[in-house]
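Fold and geometry: a report
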Amino acid sequence: MSDPQTPLLLLLGCVGVVLIVATLIGQVLARRAPEGPSLVIDNLNARINAWWVMVILMGIAFLGGKTGVVILFGLCSFAALREFITLTNTQRHDHWALVAAFFIVVPVQYILVWYGWYGLYSIFIPVYAFLLMPILAALRGTTENFLVRVAETQWALMICVFCASHVPALLTLDIPGFEGQHVLLIAYLVVVVQISDVLQYVWGKLYGKTPIAKKLSPSKTVEGAVGGILSATAIGAALWWLTPFTPLASAGLAFVCTVMGFLGGLVLSAIKRDRGVKDWGHLIAGHGGFIDRLDSVLFAAPVFFHLVRYAYDVS
Amino acid sequence: MSHSTPWVARITPLCAYLAGAAIVVFARFVTAVRGNWQGIEPNSTQRVYFANHCSHGDFVLLWTVLPVKIRQRTRPVAGADYWLSSSLRRFIGCRVFNSVLVERNRTQRTQDPVTQMVQALDGGDSLIVFPEGTRNTTDAALLPFKSGLYHLAFQRPSIELVPVWISNLNRVLPKGEVIPVPLICTVTFGEAIHLGPDEDKQAFIVRAEQALRALGPDLDVEAAPGVSLNVDSGTSPSLGLSSSSNQGSNKSQDPNTSSIESSKREAS
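Residues numbered from 1 in each chain as written. Chains lettered and ligands numbered in written order. Predicted model: local features only at pLDDT ≥ 70, side-chain atom pairs only at ≥ 80, totals over all residues.

Looking only at helices and strands, chain B has ten helices and seven strands in total. Burial status across chain B gives 39% buried among its 268 residues. Contacts in chain B between residues far apart in sequence, at least 24 positions, make up 68% of those at least 6 positions apart. (Helix = DSSP H or I, 4+ residues; strand = E, 2+ residues; numbered from the N terminus. Buried ≥ 20, exposed ≤ 12 C-beta atoms within 10 Å, placed from the backbone. Contact = placed C-beta atoms within 7 Å.)

Spelled out as structure tokens, the structure:
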């Protein structure tokens, strides 16, 4: 591995092969279906097509290095925040606060991440946005549902911006012997968490019987979750060569990430059910919105970031 | 633009095209707007789209979700007082959107607005109208309709009148604000209506109002297939939604929903 690009190209090659196989299976299923393609198969193929787009976009961002990755996740945060705020109780008196959230908090957070200022980006939203938002809302007037509105806005920022920004923040870690290969940490995190989602779906469809929380999501079953998390952990361990981790540490980190990812999906489903919607948005065909696809990454990213920072970072 | 030199006249259509494209990109960036073709197909049938009006951006969103070919043949009907008040607005109103500009002030009228609209229809174009007549800045879901829609339906009975509900745009840009807040907007197209053979003006206006209101809050959620536009029964339209989904009131900008919405909810 003399060339730092080799592992990334290998990984992209593996993902490409998986997608080609998935695409072939999807097309064969669609052709063989006795009464024409069903809704499930159509949805499966829409999901696979969307995966192609997502993988290609990630690949382009990786080629763009730190700036590319920061811009990609900044745009994801923007789109996720747009979906989240749409479902909140905010009213016209929150207008200034919301304008500040979209056009000040999002760019500032990502500029801080790009700059690598850990001391500020790790508290900017939990402290400064936390204090600024209710001030702006209070200056504009109404008290009705004040705490609810302020809390919803802060929650939206924490999930959609703070948590998401910990993915590109992985690029700023100082790990000896791993210089110039940081995008591999992002690739590792995203691949492990997303493959866990896919495997939970597959295991759930094949063997799922016992719902975990019927009210939240009828499709989340014990069999699917256990099967998905364990198999994704095994894949994570097998990907140790991408990372500065030993195979055992890689298995442990993959396990933590997939469990957090699963729980994140559960929490964000609870919010959707409360608001009476099936999906957060409609921009990713077959998947729903950005939050539907990112939910597990959002919960896994900060935990993965801090574990790696604590154990491997030397700054 | 009678004062245009030939050079300006040549460059103007290109500028209008680019401005139109930029407006569509901006609208999508802020609102990620989605067209929900619930009652009609997006095809080139000549129509009058009648929509709720909460913001200056309403017709922009409706225009954005129309497929390009239909968009080129669809003209918004707008107030001349607003769109002729500056040269930029004149450019956008006349050149980009090809609006049918009507004089809202009765005393200053030289042309009858209904006649202008009928002329546009006879030219083969579709129209976007806001039958409330003015922007709705109240908490009510809709203001009472003006009678223009009836006169259009009466004079050109074969043309489809399509109710269109634009949701959330009043939250994106509340009255008096300059910077829009990015929120997801939906444009829902209902089933076309026509003037009944013996229907009088009042009955038709009420029916048109109800057809539009039926598409409103809580109804553009995915799981609402059973929209009844039958108003003769005297009951509120069935929303086909469970009451639990009303809890979040995610589609209404104000937790104090209007009495109209409340009664609809009870009916569901």
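Broken down by element type, chain A carries eleven helices and zero strands. Along chain A, helices (α) and strands (β) appear in the sequence α-α-α-α-α-α-α-α-α-α-α when read from the amino end. For the C-alpha atoms alone, the extent of chain A along its principal axes is close to 60 × 55 × 30 Å. Residues classed as buried in chain A amount to 43% of the 315 residues present. Long-range pairs, those at least 24 residues apart, make up 70% of the contacts in chain A between residues at least 6 apart in sequence.

Once that is clear, we can look at the domain arrangement of chain A. Assigned domains of chain A: these are domain 1 (1-63), domain 2 (65-172) and domain 3 (179-315). Summarising the inter-unit geometry, the C-alpha centres of domain 1 of chain A and domain 2 of chain A are found 32 Å apart. (Domains from an automatic or database assignment.)

Turning next to the environment of Met133(A). Residue and element names in this part refer to chain A. Tracing the chain through its elements places Met133 in helix H6 (residues 124-139). With 25 C-beta atoms packed within 10 Å, Met133 lands in the buried category. Once the C-alpha coordinates of Met133 and Glu223 are considered, the two residues, 90 residues apart in sequence, prove to be 42 Å apart.

So, about the pairing of strand S6 (residues 160-167) of chain B. Within a regular strand, the side chains alternate between the two sheet faces. All names here are of chain B. Burial analysis of S6 places seven of its eight residues in the buried class, the great majority of the element. When strand S2 (residues 47-51) meets S6, the two strands line up parallel, connected through five bridges. When the bridges of S6 are listed, Ala51 appears paired with Val164. (Pairing = 2+ DSSP bridges.)

All names here are of chain B. Pairing is mixed across the open sheet formed by seven strands, whose spatial order is S1-S7-S6-S2-S5-S3-S4. A single partner strand is all that each edge strand has here, and the edge strands are strand S1 (34-37) and strand S4 (100-102). Adjacent strand axes in the sheet meet at a mean angle of 25° when their direction is disregarded. Pairing between S2 and strand S5 (residues 126-129): three bridges, direction parallel. Considered in S5, the bridge of Phe50 is made with Val129. (Axes fitted to C-alpha atoms, helices over the stretch in contact; angles between N-to-C directions.)

It is worth spelling out the nonpolar core at this point. Residues Leu81(A), Ala164(A), Leu189(A) and Leu62(B) are the most contacted members of the largest nonpolar core, which totals 140 residues. At 14 residues, the largest contribution of residues to this core is made by helix H8 (residues 183-207) of chain A. Here this core spans two domains, since at least three of its residues come from each of domain 2 (65-172) and domain 3 (179-315) of chain A. Non-local contacts of Leu81(A), meaning those with residues more than four positions away in its chain, are made with Ala101(A), Phe102(A), Val106(A), Ala156(A), Cys160(A) and Val161(A). (Core = buried A, V, L, I, M, F, W, Y, C linked by C-beta atoms within 7 Å.)

Residue and element names in this part refer to chain B. Here S5 shows no split at all, with Ser126 and Ile128 on one side and Leu127 and Val129 on the other all buried. Taken together, the three bridges between strand S3 (residues 74-79) and S5 define a ladder with parallel strand orientation. When the bridges of S5 are listed, Pro76 appears paired with Ile128.

Moving on, we get to helix H4 (residues 95-115) of chain A. Given a rise of 1.5 Å per residue, 21 residues ought to cover 30 Å, and the 29 Å separating the end C-alpha atoms of H4(A) matches this to within 8%. Where H4(A) bends most, at Ala101(A), the angle is about 35°. (Expected span 1.5 Å × (residues − 1). Bend = angle between axes of the 7 residues up to and from the residue.)

Now for the packing of helix H1 (residues 6-31) of chain B against helix H2 (residues 58-65) of chain B. When two helices pack together, their arrangement is given by the angle between their axes and by how far apart the axes lie. Residue and element names in this part refer to chain B. One way to put it is that H1 packs onto H2 with a least axis distance of 10 Å and a crossing angle of 100°. Between H1 and H2, the angle is such that the two are roughly perpendicular. Along its contact with H1, which presents Ile23, Val24, Ala27, Arg28 and Thr31, the element H2 presents Val60, Leu61 and Thr64. Residues that form the contact of H1 with H2 fall into these classes: five nonpolar, two polar and one charged. (Parallel < 35°, antiparallel > 145°, perpendicular 65-115°, else oblique. Nonpolar A, V, L, I, M, F, W, Y, C, P; charged D, E, K, R; others polar.)

This part covers unusual backbone geometry. Unlike most non-glycine residues, Asn145(A) shows phi in positive territory, near 55°. With respect to the element layout, Asn145(A) can be found in the loop between H6 and helix H7 (146-169).

Here we come to the confidence of the model for chain B. Residue and element names in this part refer to chain B. This prediction gives chain B a mean pLDDT of 79; 79% of its residues lie at or above 70. The model gives residues 219-268 a pLDDT under 50, and that stretch makes 87 contacts with residues more than four places away or in other chains. Both confidence scores are given for the complex: pTM 0.84, ipTM 0.86. (pLDDT = per-residue confidence, 0-100.)

Let us look at the environment of Leu170(A). Residue and element names in this part refer to chain A. Counting through the fold element by element, Leu170 comes out in the loop between H7 and H8. Between the C-alpha atoms of Leu170 and His306, which are 136 residues apart in sequence, the distance is 9.3 Å. When near neighbours in sequence (up to four residues on either side) are disregarded, Leu170 contacts His182, Leu185, Ile186 and Phe305.

Attention shifts here to the packing of helix H6 (residues 113-122) of chain B against helix H7 (residues 148-155) of chain B. Residues and elements named next belong to chain B. At a closest axis distance of 10 Å, the pairing of H6 and H7 adopts a crossing angle of 45°. Taken as axis vectors, H6 and H7 run oblique relative to one another. By crossing handedness, the relation of H6 to H7 is classed as right-handed. The residues of H7 that touch H6, namely those facing Pro113, Val114, Met117 and Val118, are Gly148, His151, Leu152 and Gln155. (Left-handed = near helix turned anticlockwise from the far one by under 90°.)

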